[in-house]
Amino acid sequence: MLKDSFLHPVVLLLTFAVIFCAVSGTILLAQSTAVYNPIAPETPGWFQRHLAPAASSALIVSVLASLFLLFGRIQHKPGNRLLSFILPLLLSVIIVIAGFSIIIGPPGTPKRVSSGTYYPFVPKTIHSIESGLIYVDNVILPTAGGFSGDGIRLERVVRYSEGRLEYDRTAAAGLKSRGDRNPAAIIPGSTSLSQVPIVPENPIYSPMFEVPPLLRAMISEINLLDDYLLSLRAMAPESFVLAVFSISLFAMSCVVFLGLTAWPLFNALITLVLFRTIFIILRFFDSDIGREVSGLVSNQRIASLLPAFVYLGIGLLFVAINLLFVRGGSHVRSSGGGSAS
Amino acid sequence: MKRDDFSSLRHRITITILIAYALSFLFFGFYSFFTFPEKYFLAPFRLRWSFLQALVYFITTLNPVQCTAVLLACSFTAPPVPSFRTSPGEAITKLLSSTVVVLIVFGALAIGLNEGLKPYVQANITQLRERTTVARNYFDLAGVKRSEGELRLAEAYLVFYLTMDGKNDSALEMLNDIRKRMDDADITSVTAEPRPRARLAELDAQDLLEKAEKALQAEDYYTAYYFANLAKEISPVGSTNYRFATNVTAAIQDRLSSFQAGAREIEIKSIFEVKTSAYNDLASNDVQLISRAYYTFKTLTERYPEDTEARAFYSESVAKLSTMAYFINEVEDLIAMPGLTELFFVNASSEDGSVEIVSLGTLINTDEGVYAQDIEVVSFGSDGSLLCRLSAETGKIMPGPSGGLALYMRGVDPFSERGTVLPIVVDSIDDDVCGEILPLSLSGLDFEFVSHSGRDLKSYHLNKLYNMMEAVANRGYPEDVIQAAFLARISSAFGIIILSLLALAVGWRLRSPTGRPSIGGIIFIPSFPFIAYFIIQVYEYLHRLAIGAVLIRWDYVVALIVLVVMEFLLLAASILILTTQSVKIREPG
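What you see is a predicted model, and the numbers here were worked out from it, not measured in a lab.

K.L.:
For this particular structure, what's the right way to read the overall build of chain B?
P.N.:
Scanning chain B from N- to C-terminus turns up 19 helices and 9 strands. When burial is assessed residue by residue, chain B has 47% of its 589 residues classed as buried. Roughly 28,700 Å² of accessible area belongs to chain B as shown, and the carbon and sulfur atoms make up 59% of that amount.

This is the structure we're talking about:
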């Protein structure tokens, strides 16, 4: 019994390691393919520069996913009820706090990569951008072309937009840092032509790597949570610790729902929906109404901790339900080992 | 477990999948019916469109629906009864073998529907949309013709429209109005409206006199006589042109009659001379000369209908001209025809670096031929200098002079030489660089690939997508994108089986001990396909990412190998996960 409780953190750590590596690797792969250009030279140190931000983005979601998967084991081998709850909770808090410290560095260090450029065109190719199609006959990179400048030179550009052809003998495309908010643009050689924003930012392979809308929405929510924690960390480390603890408590307390009904699949689904609530709550506070609600609190620091208080409150409520209404021992009476996930 | 339990599970999965399929189709049927886009389709197409669109939705969501069905079927499997003769390992192997076949069969069905039926259904939907476009354009044309007083034509357009939308009140109302007007009006005058093909050649006296003068200067008196005589005939008596033409013919007659016969003989001789000249024009390969011959023979056949020789040469000139230009009356109703839109491609590129880029606004395939509208061409040399830039309103695609296809941009007005339409040369390095015939390097199918609709890679059959890989590479489009789409299609075929196996494992692992869902759980069952859909989207994206990364960095063959290895590993992993499932009993909670 007790052995199972002590094994839970080990399993959590291992699960986290696997998920964390997989998610970080996927983020890195997605980022590298998003800027890949076969004619452009590999930027030295690209991997080192992008590893930390990718790992940072992967951290919190990996911890949450590991906790969700651990529930299956907790249900299967509950061990000591209190220890099985507290140990994974503390470990997840430690992972997040230590993880951010190791990956990002001291509080206040910016997470995002601001340096690094990419080249959005390849020669003799038709590229599909938001405003139409664009053929570029030749691309001269600053390094290969031997000229200095902050853009690439395009030769013989033919643009097809709204049923009309536009020919530009020479044009330039600004080199673009990924952190910049505004899209890069094609600067025409002729004054009679207008600038053309390059959207998507890397039109060469964008149709291949288009992120499904649902996943894109989820990624933005994960980034929101990530940014929230990092902003708290930069503002006040104790607030950051409180927020991490609240989120972990909320997630861990969802274990109570694994015994909600006699149908494990439904229980798992409900738990998943509750995990999703973590992001929905934060999105609410990021909305106009949420900001108005936060604005009612005069103390800026407390206002920024409102989402954390909500997590904490709901988490404590679930813990109370667990203690008061769920019988001691395992969540599911097992006979002969059980079969829950 | 008893053999019956496995058999029962197999049946349960089969029935659940079939029920899920039926429910899914019904849902999409209703959804399509109530979201019918009247903007793009005629009202009578509602049922047909709803059925076809429901099929598309149904086939697109087969994977999540099937996974949900498997998940639920396993989740509600009654607790297995342990058998003394069967070990847990054997039991799970039996479970696997009994259900995997079902999953493979349904997986194969899904792949077949996706690759076989779906593109066909989508093509049918496109056809309905095109028919709507044609019908509505004819309806609009009917309105225009009614206001222009061409009632017979307006009636014909409306009758055509009503063959597709027979209960359209406004069309019926307009038709009644047209027929009433036709009854009221003098029928003969209406029928006497000049039809395009019945029109005579539109001759211009001034033009003819200029030709006569030119012939006079060249001392070609018979030709000069022919044109001057023709100008005299079409000019109003007493007009300047009439007087001038009379003077010219009289002068020629005076000059020639001094040593030859009378006016009639001169006329016959002049016709002979003109015919000979036109015949020489016709025998050449110059489109301008052939065009000149066409107008000459057309005039001759109208003026001398008894002249069989002129008629024969006229037919020959029409036939020959049709291979080198298009007649503008052929394209009058093109606006009503749907076709491919926004074609943009590299037409030709040579090793010396010169490139030719072509854009076509629309490409319309009719019974009379293939026509392009809103044509623009840009070509430049290796040094970036513009060789030619031209645009043309319309062109006809026909076999080119040097094999392959070519775009002929000269439009011949069948009635007036002045109505000839030529491409507009915007800029050119040399007069000879921009021609009115543009040789095309595309074959018939390639046009679709470089069009707006063709760039939607999801709409292709797998084999068409495969053929497209090479076709687009030479047209300026990145080959990698098509290859990635092809590989993604292969991967999704594996995906449906892998994900069904994983759903089987998850469903089995999280099965209800009672074999029934909880009351609250029933409410949430409809959300399962949406969750499955999301998971499948993520799964497919990760596949595209992994395969795409290999493809762009290495090679298509390497990517294909990686894909096959990856799919087999995933298949093995899903089977392994399934085999590790427990068959032990869990008590009802």
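K.L.:
Could you clarify how one ought to interpret the interface of chain A and chain B in this entry?
P.N.:
The interface is formed by 49 residues belonging to chain A together with 69 residues belonging to chain B. On the chain A side of the interface with chain B, the three residues burying the most area are A:Leu165, A:Met208 and A:Trp263, jointly 14% of the side's total. Summed over the shared surface of chain A and chain B, the result is 0 salt bridges. Applying the counting rule to chain A against chain B returns 10 residue pairs in polar contact (both at pLDDT 80 or more). For the side of chain A that touches chain B, the secondary structure elements donating two or more residues are helix 1 (2–34), strand 2 (125–129), strand 3 (132–140), strand 4 (151–161), strand 5 (164–174), helix 5 (213–235) and helix 7 (264–286) of chain A. Per-element tally for the side of chain A that touches chain B: the top contributor is helix 7 of chain A, with 6 residues. Its residues assigned to classes, the side of chain A that touches chain B comprises 30 nonpolar, 11 polar and 8 charged.

K.L.:
Quick question: what am I supposed to make of the environment of A:Leu67 here?
P.N.:
All names here are of chain A. Of note, Leu-67 is situated in helix 2 (residues 46–76). Judged by relative accessible area, which is 0%, Leu-67 ranks as buried. Filtering out sequence-adjacent residues up to four positions away, Leu-67 remains in contact with Leu-12, Pro-88, Ser-92, Ser-248, Ala-251, Met-252 and Phe-275.

K.L.:
Just to check I follow, could you spell out the packing of aromatic side chains for this structure?
P.N.:
Each aromatic ring pair is characterised by the separation of its centres together with the angle its planes make. Under the definition given, this model contains 35 aromatic pairs over all chains. Summarising the aromatic geometry, the rings of A:Phe100 and A:Phe240 are spaced 5.7 Å apart at their centres and angled 65 degrees between planes, so their arrangement reads as edge-to-face. Of this pair, A:Phe100 sits in helix 3 (residues 81–104) while A:Phe240 sits in helix 6 (residues 237–253), and the two are 140 residues apart along the sequence. On the accessibility criterion, A:Phe100 (0% relative accessible area) is buried. Members of the aromatic cluster, each reached through a chain of ring pairs, are B:Tyr21, B:Phe25, B:Phe51, B:Phe58 and B:Phe106. Over the face of the ring belonging to B:Phe33 we find B:Arg46, whose NZ or CZ atom lies 4.7 Å from the ring centre.

K.L.:
Before we go on, may I ask you to explain the confidence of the model for chain A in this structure?
P.N.:
A low pLDDT score tells you not to read the predicted coordinates there in detail. Residue and element names in this part refer to chain A. In this model, chain A carries an average pLDDT of 81, and 87% of its residues clear a pLDDT of 70 or more. At the level of individual helices and strands, chain A shows its lowest average pLDDT in strand 6 (residues 176–177), which scores 51, and its highest in helix 6, which scores 91. Considering only residues more than four positions removed or in separate chains, one finds that residues 329–341, a stretch of pLDDT under 50, has 32 contacts.

K.L.:
Even after reading the chapter, I still don't get the nonpolar core, so can you show me in this structure?
P.N.:
Nonpolar side chains in soluble globular proteins tend to be buried together. Counting residues in each nonpolar core, the largest one holds 129 residues, and the members touching the most others are A:Leu225, A:Leu229 and B:Ile13. For this core, the element with the most residues is helix 4 (residues 88–148) of chain B, which contributes 15 residues. Beyond its immediate chain neighbours, meaning those up to four positions away, A:Leu229 contacts A:Ile60, A:Phe100, A:Phe240, A:Ala243, A:Val244 and A:Ile247. Membership of the second largest hydrophobic core comes to 65 residues, among which are A:Ile126, B:Leu363, B:Met469 and B:Leu487.

K.L.:
Hey, could you run me through empty space enclosed by the protein in this one?
P.N.:
All names here are of chain A. Scanning the entire structure with this criterion turns up 3 cavities of 30 Å³ or more. Size it by volume and the largest cavity reaches roughly 100 Å³. Ile-134, Val-157, Arg-159, Glu-166, Tyr-167, Asp-168, Ala-171, Ile-186, Pro-188, Leu-193, Ser-194 and Val-196 together form the lining of the largest cavity. Mapped by element, the contributors of at least two residues to the lining of the largest cavity are strand 4, strand 5 and strand 7 (185–188). Residues that form the lining of the largest cavity fall into these classes: 8 nonpolar, 1 polar and 3 charged.

K.L.:
Sorry, what's going on with the side chain of A:Ser24 here?
P.N.:
All names here are of chain A. Inspection of the secondary structure assignment puts Ser-24 in helix 1. Looking at Ser-24, the relative accessible area reads 7%, which means it is buried. Within the local environment of Ser-24, its side chain forms a polar contact with the backbone oxygen of Phe-20, the two atoms lying 2.7 Å apart. Setting aside residues no more than four positions away along its own chain, Ser-24 makes contact with Ala-54, Ala-55 and Ala-58.

K.L.:
Is there a simple way to explain the packing of helix 16 (residues 479–509) of chain B against helix 19 (residues 556–579) of chain B in this structure?
P.N.:
The geometry of a pair of packed helices is captured by two quantities: the angle between their axes and the separation between those axes. All names here are of chain B. Between helix 16 and helix 19, the least distance of the axes is 9 Å, while the angle of their chain directions is 5 degrees. Taken as axis vectors, helix 16 and helix 19 run roughly parallel relative to one another. Residue-level contacts link Gln-483, Phe-486, Leu-487, Ile-490, Ser-491, Phe-494, Ile-497, Ile-498, Leu-501, Leu-502, Leu-504 and Ala-505 of helix 16 to Tyr-556, Ala-559, Leu-560, Leu-563, Glu-567, Phe-568, Leu-570, Leu-571, Ser-574, Ile-575, Ile-577 and Leu-578 of helix 19. For the contact of helix 16 with helix 19, the per-class residue count stands at 20 nonpolar, 3 polar and 1 charged.

Cut-off values and rules
- Residues numbered from 1 in each chain as written.
- Chains lettered and ligands numbered in written order.
- Predicted model: local features only at pLDDT ≥ 70, side-chain atom pairs only at ≥ 80, totals over all residues.
- Heavy atoms only, no water.
- Helix = DSSP H or I, 4+ residues; strand = E, 2+ residues; numbered from the N terminus.
- Buried < 20%, exposed > 50% of the residue type's maximum accessible area, 1.4 Å probe, protein only.
- Areas by Shrake-Rupley, 256 points an atom, 1.4 Å probe, with all protein chains shown as cover.
- Contact = heavy atoms within 4.5 Å.
- Buried area = accessible area lost by both parts, 1.4 Å probe.
- Salt bridge = Lys/Arg side-chain N within 4 Å of Asp/Glu carboxyl O.
- Polar contact = N/O pair within 3.5 Å; in protein donor to acceptor, adjacent residues only side chain to side chain.
- Nonpolar A, V, L, I, M, F, W, Y, C, P; charged D, E, K, R; others polar.
- Phe/Tyr/Trp six-rings, centres within 6.5 Å; stacked < 30°, edge-to-face > 60°.
- Lys NZ or Arg CZ within 6 Å of the ring centre and 35° of its normal.
- pLDDT = per-residue confidence, 0-100.
- Core = buried A, V, L, I, M, F, W, Y, C linked by side-chain atoms within 4.5 Å.
- 1 Å grid on protein atoms, 1.4 Å probe; cavity = no way out; pocket = protein on both sides within 12 Å on 5 of 7 lines; lining within 4 Å.
- Points joined across faces, edges and corners; volume = space filled by probe spheres on them.
- Axes fitted to C-alpha atoms, helices over the stretch in contact; angles between N-to-C directions.
- Parallel < 35°, antiparallel > 145°, perpendicular 65-115°, else oblique.

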